[in-house]
Each structure stands twice: as C-alpha cells, then as structure tokens.
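# Residue-level structure breakdown
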Amino acid sequence: MDATSKMIYLKDYQQPAYWIKKTDLVFDLNQKHTQVTSTLHIVLNEFKPITTLPVLILDGKDLILKSVRINHEILSDTEYEEIADKLKIQPTEKQFYITIVTELAPHENTTLEGLYQSNGIYCTQCEAEGFRRITYYLDRPDVMAVFTTTLIANQTQYPILLSNGNLVDSATLPDGRHTATWEDPFPKPSYLFAIVAGNLMCHEDAFITKSKRTVLLKIFTEPAYIKECDYAMDALKRAMQWDEEKYGREYDLDIFMIVAIDAFNMGAMENKGLNIFNASCILGDSNTATDSVFQRIESIVGHEYFHNWSGNRVTCRDWFQLSLKEGFTVFRDQSFSADMNASTVQRIQDVNQLRTVQFLEDLGPMAHPVRPEKFIEISNFYTSTIYEKGAEVIRMLSHILGPDLFRKGCDLYFDRHDGEAVTCDDFVAALESVSQLDLIQFKRWYWQAGTPVVQGIGEYDKSEAVYRLHLKQYCPPTPGQIDKLPFVIPIKLGLLGADNQLLPVTESGETETVVLMKKSQHVLIFENISSKPIPSLMRDFSAPITMRFSYTRAELISLIQYDTNEFNRWESMQRLLVSIIHEIYEHIQSNQTIQIDAQLEVLFRALLTQDNHLNWAFLSELFALPTFTYLGSNLPALHIHHLYAARKAVKQHLATTLVDIWYEKYQLLNKITPYYPIAEDIGERSFKNTCLSYIMALQSEESVQLAKQQCVHSNNLTDTLAGLNGLIQSEHPTASVMRQSMLCELNTQWSNQSNLMNYWFSVQASDEKTALKHILELMKHDAFSLTNPNKVRSVIGSFCRTNVVQFHALDRSGYAFLLDTILKLDSINPRMSAALLSPLTQWKRYDALYQVGMKNVLEQILAEKNISVDVFEIISKSLS
Ligand code: TRP
Ligand code: ZN
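The structure reproduced in this document is the subject of the present report.

Thresholds, definitions, all that
Residues numbered from 1 in each chain as written. Chains lettered and ligands numbered in written order. Predicted model: local features only at pLDDT ≥ 70, side-chain atom pairs only at ≥ 80, totals over all residues. Heavy atoms only, no water. Axes fitted to C-alpha atoms, helices over the stretch in contact; angles between N-to-C directions. Helix = DSSP H or I, 4+ residues; strand = E, 2+ residues; numbered from the N terminus. Parallel < 35°, antiparallel > 145°, perpendicular 65-115°, else oblique. Left-handed = near helix turned anticlockwise from the far one by under 90°. Contact = heavy atoms within 4.5 Å. Nonpolar A, V, L, I, M, F, W, Y, C, P; charged D, E, K, R; others polar. Expected span 1.5 Å × (residues − 1). Buried < 20%, exposed > 50% of the residue type's maximum accessible area, 1.4 Å probe, protein only. Arc of directions from axis to C-beta. Right-handed = clockwise from strand over helix to strand, strands pointing away. Pairing = 2+ DSSP bridges. Core = buried A, V, L, I, M, F, W, Y, C linked by side-chain atoms within 4.5 Å. Donors = N, O, S within 2.8 Å, 3.2 Å for Na, K, Ca; no water. Tetrahedral: all angles 85-135°; square planar, octahedral: opposite > 155°, others 65-115°. Polar contact = N/O pair within 3.5 Å; in protein donor to acceptor, adjacent residues only side chain to side chain.

## Quick look at the packing of helix 20 (residues 733–750) against helix 21 (residues 754–766)
Packing of helix 20 against helix 21 brings their axes to within 9 Å, and their N-to-C directions diverge by 160 degrees. Relative to helix 21, the element helix 20 lies roughly antiparallel. Relative to helix 21, helix 20 is oriented so that their crossing is left-handed. Between helix 20 and helix 21, the residues in contact are L743, L746, N747 and W750 and L756, M757, Y759, W760 and Q764, respectively. A breakdown of the residues in the contact of helix 20 with helix 21 according to their chemical character gives 7 nonpolar, 2 polar and no charged.

The following block contains the structure:
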C-alpha cells in the first residue's frame, strides 16, 4: 500500500457528473442472501459545458452484481464495466432510469457497515460510505435523492419492517412473508438511509409541535429491554421542545423512530426519521444505567435529534466538511445538556473531554484541522477534533456574535440552505451576513491544526497604579503545518484584587471583559489598580487553547476560594493539582523522597468545611484529581509508571489527612431514598462516591466493609458500581476475597443483560491489579465476543486505555497482546481495529523504556499483508 496514491484532497472537489433525483429500493430479506433492487432516476449535471456525455461511475463495495437495466433494456456484460469497486456505464441520454440488482450476505457482514445482522435483527449503518455495500450508487453527501423503500421478509421472524420517512403501504404475502413500503419526502444523501427488520417491541408516545402537529414517537428494542426506554423517551421530548425554543426548529415528519441495536460501531446514527442507537446509549433504568449513563443518553438522544436540522435538512457537501454537522451538533447537544443539568459541571466535563482527548490528538501524528485538507479513510476522521474542537469553534462564534445575532445567523443558515449540501464557509457566511462582521481571520480555526498556546505575563506598577497583562500567542507545528498565522482568540477575564473582590475592568465598571486577541502579541492595560491583582484568565474556557501563566500556589488558592467564575475555581484547582503531582513525579524521577505540599490539605479542609453554597456536583469535580492523560500530556519523555505513582501518592495523602471529613460527608449523603436520575440527586451521589473513593485509598479493613455495604444495599446501579469499584481499587487483603465473590454474584445476576455485562467486564479490565492473564480469561467468557464492539471496548479498550500500569508493563506483554488482537480484529471489523491503535500512536511522547516496544508493534502490523486502509493510514502517519 502506498499513502500518496490513496490520499483524497479537498482541493480536488468537483460536483458529480450526474445527480440522482429519485431512489427506489426493494429489499428481499432472505435467510441466506438479501437481494436489493435499486431503481435510480439519473439526471446529467449541466454545471459545465460538455460535448459528449460523461461516463456514469457508481461506487460499490463487496457486492455481487446480478443485473443492470437502463430504462427497460437489460444490459449485456459488455455494456458496463465492473472494476475496482466501481460500476461504469456510458449513458446515451441526459436522463434515464437505471435498475441494478445486487446480492448481499448480511449474516456474514462483521464490519457493521452497510446491511448486517445484530442478534437476529437486520439493520444498516451507512455513514460515511456504507451505502455502497448495499448497492452501486453515487455514494457521496452532495447527491441528494428522494427515497422510497420496500422491505419483504418473513412475518414471524421479522414482524417489524422500518425505513426512513412515512409508512405508505404494507401487506401480507401468501408464503408467510409480508411487506412494507416507506417514503421519505425529504431529499437526502445516501449516508442518511436506513432500514431495520426484526422482532422488536415498541415504546410509543407523541409530541405536539409548536405549530400543533402531532408527531408519533417510537423507540424499538429487543423485547427483553422494553422497560428500559422511558428515560430516553422523556429525553427525546425534552430535546424536541428545546430545539423549538432555542433554535426555532420544528420536527418535520409525522413519525420519529429510534432503534436500539447491540452490535454498533459508534454511539448512534441520525438516519432521517429512523435513528439507530448503540443499545448502551439508549436503554437504561435504575438497575441498568448509572447517573452518567443517563446523562449520556440524554445528550446523545439530543445530538441525533438535533441532526435533523444540523446535518439532515442542511447537509455536508463533502466529508471534509464533516465538522459542519458534527461540531455544530455537539455544540447544540452541549448547550441542551447544560440547560438540563448543572451548567458549570457540564462545561467542566466538556472541557475535560476536550483536553484529555483532543489536545492529545493535536500532539500526535493524526493531528488535523477542524476542516481537514486530505485523508485516506474518512472513518479515521470521526475524531475529537471534528466533534469537540469543532463545537468549541461554534461556541466562540456564538460568543463573538452574542446570543441574538447568533440565533439570527443560524436561522439564516437553515433557511438559505434548506435541502442543500454545503460547506463550513457557508455557515460562517450566514453569520457574517447577519452581523456585518468580517470573519476571515477567524476562519483560520477551520484550517490550521494544533492547540494554540497563549503565554501571559503580568506586570504591576505600583507608582502608576497600572497593571499590564502581556499576552503572546503561538501554535506548535503539526504534521504538514509548520508555521501558523495568529488565531482570533476570545479571552474572557477578570482581576481579583487584594481584598479578594473582583476589580472593575471596563470603562463602565464591569468586573469581566472579553478581549479578542488577533495579533501574535497584545498588551492589556488596566488603570487605577491599587495593588497587584491576580488575573482570572480564560473564564468558562473561552477558547480551545492552553493558557500559560505562572501563578504562585498562593495565588491559585485565592482564585479557588474567591473567583466568582465557578469554572475558573475548578480550573485553578486543576492547575494547583497538576503542579503538585508534577512535583511529586519529579521527586520519583530523581529518586528523592516524596514531599506533598501541606497547603493542599489546608485548602481541601477549608473548602470542605466552609458553608460556601457550592453544589455537590460541582464539589465532586473540584476534588477530582486531573485525569492521568491530562497530567501526562505536557511531560517530555513521560515515564508512565512514575506518573501513575505520583498521582496515586497525592490521592493517598488526601485520603489520610482528611479521613474525618470524607467519612463525615459520606455519612451525611449516604441515605437510601427512591432513585431518580435528576441533577440534584446526581450531584449528591456523585460527591458521596467521591468521598468513598478517597476512603478506599486508605486501604483499611473498615473501608472495604463500607464499599461492600454500599454495593449490597444500594437501590441503583450508580452506587452498586461505585461500591464494586471501591472493592476493586482496594489493595487490602480482605478486598480481594470480597471482590471475587461480588463479581461472581453479579455475573450470575447480570449474565443475560448485555449492557450490565459491559460494566462487569470494564471494571475488571481497568483495574491496575488485573494482569493480562485475567484479560485473556475474560475474553473466553460466554458474554464476550470480538464481533461486538461494546465487548471489545469494555475488555480490550479498557485494558489498553485505562489500565496504564498493566498495558504498559515493562515486559511488553501488553503491547504484544494488542498486536495480536489488532491483527485478529482487523479482518473482522477494521473500524474497531483502527480505534484500538490509538494508545500506540503517541509512542514518541514516552520514555525510551516504552517507545521501542510500542514502535515495534506498529512496525509489525504495517509489515502484515492485507491490513485495512484504516489501520494503514494511522500507522503510516505514526511512523513517519
Ligand atoms: N453521525 C454519527 C453521529 O451522530 C456518527 C456515526 C455513527 C458514525 N455511526 C457511524 C460515523 C459509523 C462513522 C461510521 O455522530
Ligand atoms: Zn453527530
């Protein structure tokens, strides 16, 4: 394989030679083979003058072609050409009908793209390029057609037959089969097509839109899980209401359906009128979902629903524009979740996610801009940069315009481009139209990769009573982009004065201002400042950058206690904890005795005992140690085991020195009440379990009993799992016996429930004491399967990502295991094998101890014949 020949470039974009106006599909779903008959109304695209009709080139993949007909003529095999995944035909007219019959083997399709089966249910996944596994087509998002779909299947085995749009016809056929026909009036690209056929039960409800239309809502699932749809249904109604209120967007069909599927590559898919969800992102009740799973369900249900406008009604011209729909829709789902829950906590979680995943992506070989300029395999670009950084770009735009203009701009964008396939430029142009702003420099966020760094230096002049803040921005090089132009960076800030009050920073006396930094250097001057202030920078994380400022620990402690921006109180705590953990890491690296700054305990105690009206959810974020990944992200030649030990030492220190408070708060919050996954209760449980996790770090017999009690007596999965996790974390000898019996018991209780078994697997695989040997045993468990992505993620994913101690074992056994697994998985499901590679791609950032082993694995995979393009693209970039 060779990288350059496979590369696809944005600059090469051209409109297609032909459009498809109408697509008629008939699926004959049979035990062995499925026959697909596709009739397309093809029309010449007359965008440029031509003398002869261009060849029609349709995309296909792994298809068995049965016949091709043009209008009423069957073509002989000399009248078309079928080579290298393409079907080529020379048309003789400017418009015509082509009928193509293909044959598929969905039962054998383990890629989970195109048409496949999951637990006996037929379903499809077409984004990005899965439709070409169903029939030959112009499988690109700018080709939008009106679809009619007929399904034929055995009535007993497949009583439910679904596709996009409205049901227009159904009938019983003589041979025990039946048929249903669906019509979707909205033109759409092939990636939004879907069918489902199976034995499903349905949870039904209705929503009345603001123009008083009744929309039927249906969530389908395997019968065993029908009781687990309530939460998602309510979340869906909240999302529909929210989009009407916040964006004025109403749903457009008479029916909206969601189907829960067990074997699914990602979280969910926004197919028009027929969303398909990974069962782990939609099903749940108090016994099968945790608080954070409920919140994930709410946000993903919102996300896919919001796509109906940001993605479906207005779609992407080409896959380089992926963030047009994903960044915008993530921004919309984050805003929705912030409105439904504690908004600061939502922001903290979103920023944490961005910094642990996206910032790391920017440091590695796969770094790319929000709008990439080239790729080999688009599936590798469903990344945190496209999603989360893309959302930050939209968030900055919404702040630059302000809420009213931003709303007007979105309205204009939806109206202007309804039914079209457009680009990120079109989105920005709509915002420019309503605001008269020139956003040309801002658009660098779309094409320059990397995380910008702003270095701030404060200079206080007592005699003049002036504070000067010197700001300097630069952006580290990323692959293919060495020098970068300055970004437009919104910096929201305030100044904390000597009396711990915020000082006025604008002419009109406000205590907060937003500076739009456009040049590489900037000096802000604040007058009448009577003593040296402490700047509160990047409030609410006003841009996706790293802000460097050398705060003293005393200054950070003041900000943690007195800043009025809650987000920045958390941010200052993170800075303090990072600096302390890094200090310990240095001690370990240089063989010194560990010494933990005593100020930390004093601060924690003060915060935990003062009555500061902070909510519990916020407090549990405030007392959460920075993630391991974030801690490691800016350490050169990272020694993984030393950093792990440093983080653990701080945890243990806080556990021991504050033991009285952890117990006191735990008792305060540990009450058995009916379970509701509502924000206030979630906050209380979350802080209680933060306390438990510190208590577990004491490694005492007493703590083991406490975790066990919680596990056994809880009436909800959040507390059960927190208790189990406590037992698993503990190194006390009693814990290991208890852990064994608890796991055994839960295995019996949970064995028939797929989502519960995912937790059962992942708590074990993430445990630092779980050695590779046990992982291999888990993989032999009946409930494990390499063809089910949730199982792969909960065992192999958890081991390689979360269990850093064992995965990075110095004997390289973890790496050898991953090598083995990737090679096995690559022929089953290349999307999954490519996803598992990510822990290895960052090899250059690690200490030489690890580097060689990681690099060897990459080289060995690359040397294999027949690896997927997905894996090839990531490895070839990682090794260059
Ligand atoms: N568009 C989906 C979303 O809402 C992403 C997605 C789901 C996807 N399944 C996929 C992307 C399979 C690629 C392949 O984010
Ligand atoms: Zn999406």
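## As for helix 7 (residues 403–417)
Over its 15 residues, helix 7 runs 21 Å from end to end, which matches the ideal 21 Å to within 8%, given 1.5 Å per residue. All of the buried residues along helix 7 are F406, G409, C410, Y413, F414 and H417. Down the axis of helix 7, the buried set is contained in an arc of 130 degrees. They therefore lie on one face. For helix 7, the exposed residues set more than 90 degrees away from the buried face come down to D404, K408 and D415. On the buried face of helix 7, the contacting elements are helix 2 (230–247), helix 4 (322–340), helix 6 (384–401), strand 24 (421–422) and helix 8 (424–435).

## Considerations on the pairing of strand 19 (residues 255–261)
Judged by how many residues are buried, strand 19 sits mostly within the fold: 7 of 7 residues are covered. The two faces of strand 19 match: I255, M257, V259 and I261 on one face and F256, I258 and A260 on the other face are all buried. With respect to chirality, the unit in which strand 18 (residues 214–221) leads through helix 2 into the neighbouring parallel strand 19 is left-handed. As judged from the 5 bridges shared by strand 19 and strand 21 (residues 274–278), these two strands associate in the parallel manner. The partner of I261 across the bridge, within strand 21, is N278.

## Re the nonpolar core
Within the largest apolar cluster, 289 residues are counted, with the highest numbers of intra-cluster contacts made by I98, F406, F427, M573 and I796. Residues in contact with M573, not counting those within four places in the same chain, are I560, L603, F604, L607, L622 and F623.

## Focus: the coordination of the zinc ion (ligand 2)
Six octahedrally arranged donors around a metal ideally form angles of 90 or 180 degrees; four tetrahedrally arranged donors ideally form angles of 109.5 degrees. Within the protein, the zinc ion (ligand 2) binds to H303 (NE2), H307 (NE2), E326 (OE) and E326 (OE); these donor distances fall in the range 1.9 to 2.7 Å. Taken together, the 6 donor atoms surrounding the zinc ion (ligand 2) define angles of 49 to 159 degrees at the centre, an arrangement classified as irregular. Look at where the donors of the zinc ion (ligand 2) fall in the sequence and you get H-x3-H-x18-E. Of this pair, H303 sits in helix 3 (residues 291–306) while E326 sits in helix 4; the two residues are 23 residues apart in sequence, bridging distant segments of the chain.

## Digging into the side chain of S620
Mapped onto the fold, S620 is located in helix 13 (residues 616–622). By relative accessible area, which is 6% here, S620 ends up buried. Within polar-contact distance, the side chain of S620 engages the side chain of S686 at 2.6 Å. Not counting residues up to four positions away in its chain, the partners in contact with S620 are S686, F687 and T690.

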